[in-house]
Amino acid sequence: MTKAIWKGAVIAESDQCEVVEGNQYFPPDAIKQEYFQPSDTHTSCPWKGTASYYSVVVDGEVNKDAAWYYPEPKSAANNIKGYVAFWRGVKVEV
């Protein structure tokens, strides 16, 4: 079971992650919604498309834009549509 952990809280876990460019992408139903706040941040990848972000919140502490996902990826990345990946100190244990 792959887990994403920040500040001691398991914020996502799944045994059905997709690995893309070394990142574990968690299925949308694997994230624990209570720890996620939508962000207005967007970035662009030439082959995956436009990424949207979540800030992760644990015990009132905010990790801004610590999670990203592709709501409408380009066809080459359709396998991670809606899947969530992490950075900025979120520990992913495989």
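Placed above this text is the structure.
Reading the values: rules and limits
Residues numbered from 1 in each chain as written. Predicted model: local features only at pLDDT ≥ 70, side-chain atom pairs only at ≥ 80, totals over all residues. Heavy atoms only, no water. Pairing = 2+ DSSP bridges. Helix = DSSP H or I, 4+ residues; strand = E, 2+ residues; numbered from the N terminus. Buried < 20%, exposed > 50% of the residue type's maximum accessible area, 1.4 Å probe, protein only. Polar contact = N/O pair within 3.5 Å; in protein donor to acceptor, adjacent residues only side chain to side chain. Contact = heavy atoms within 4.5 Å. Salt bridge = Lys/Arg side-chain N within 4 Å of Asp/Glu carboxyl O. Axes fitted to C-alpha atoms, helices over the stretch in contact; angles between N-to-C directions. Core = buried A, V, L, I, M, F, W, Y, C linked by side-chain atoms within 4.5 Å.

A. Highlighting the pairing of strand S7 (residues 61-69). In the sheet, strand S6 (residues 49-58) pairs with S7 via 6 bridges, with the strands oriented antiparallel. Following the sheet pairing, valine 56 is matched in S7 by asparagine 63. In textbook terms, the turn of a hairpin is the stretch between consecutive antiparallel strands, and for S6 and S7 this stretch comprises 2 residues, one of which, aspartate 59, has a positive phi near 50°. Bridge count between S7 and strand S8 (residues 84-86): 3 bridges; the pairing is antiparallel.

B. Broad picture of the side chain of serine 39. Tracing the sequence through the fold places serine 39 in strand S5 (residues 36-45). Assessed through its relative accessible area of 12%, serine 39 is described here as buried. Polar contacts involving the side chain of serine 39 include one to the side chain of aspartate 65, which spans 2.6 Å. Residues within four places of serine 39 in sequence aside, it is in contact with Tyr53, Tyr54, Ser55, Lys64 and Asp65.

C. The pattern of salt bridges, seen in detail. Scanning all chains against the criterion turns up 6 salt bridges. As a salt-bridge pair, lysine 32 and glutamate 13 come within 3.4 Å of each other at their nearest N and O atoms. One end of the pair, lysine 32, is in the loop between strand S4 (23-25) and S5; the other, glutamate 13, is in strand S2 (residues 9-14), with 19 residues separating them in the sequence. The class of lysine 32 is partly exposed, set by a relative accessible area of 29%. Residue classification places glutamate 13 among the partly exposed positions, given a relative accessible area of 30%. Lysine 81 is paired through a salt bridge with glutamate 72; the nearest N and O atoms lie 3.5 Å apart.

D. Examining the sheet that holds S2 more closely. An order of S2-S1-S9 is seen for the 3 strands of this open sheet, with the pairing classed as antiparallel. Because the sheet does not close on itself, it has two edges, and the strands there are S2 and strand S9 (91-93). For this sheet, the mean inter-axis angle between neighbouring strands, taken without regard to orientation, is 20°. Relative to S2, strand S1 (residues 2-6) runs antiparallel, the two being bridged by 5 bridges. Bridging from a neighbouring strand, threonine 2 pairs with serine 14 of S2.

E. View of the nonpolar core. Formed by 19 residues in total, the largest nonpolar core has its most connected members in Ile11, Phe36, Val56 and Phe86. Not counting the four nearest positions on each side in its chain, phenylalanine 36 is found in contact with Ile11, Ile31, Tyr54, Ser55, Val56, Ala67 and Phe86. Counting residues in hydrophobic clusters, the runner-up holds 11 residues, among them Val20, Ala51, Tyr53 and Tyr70.

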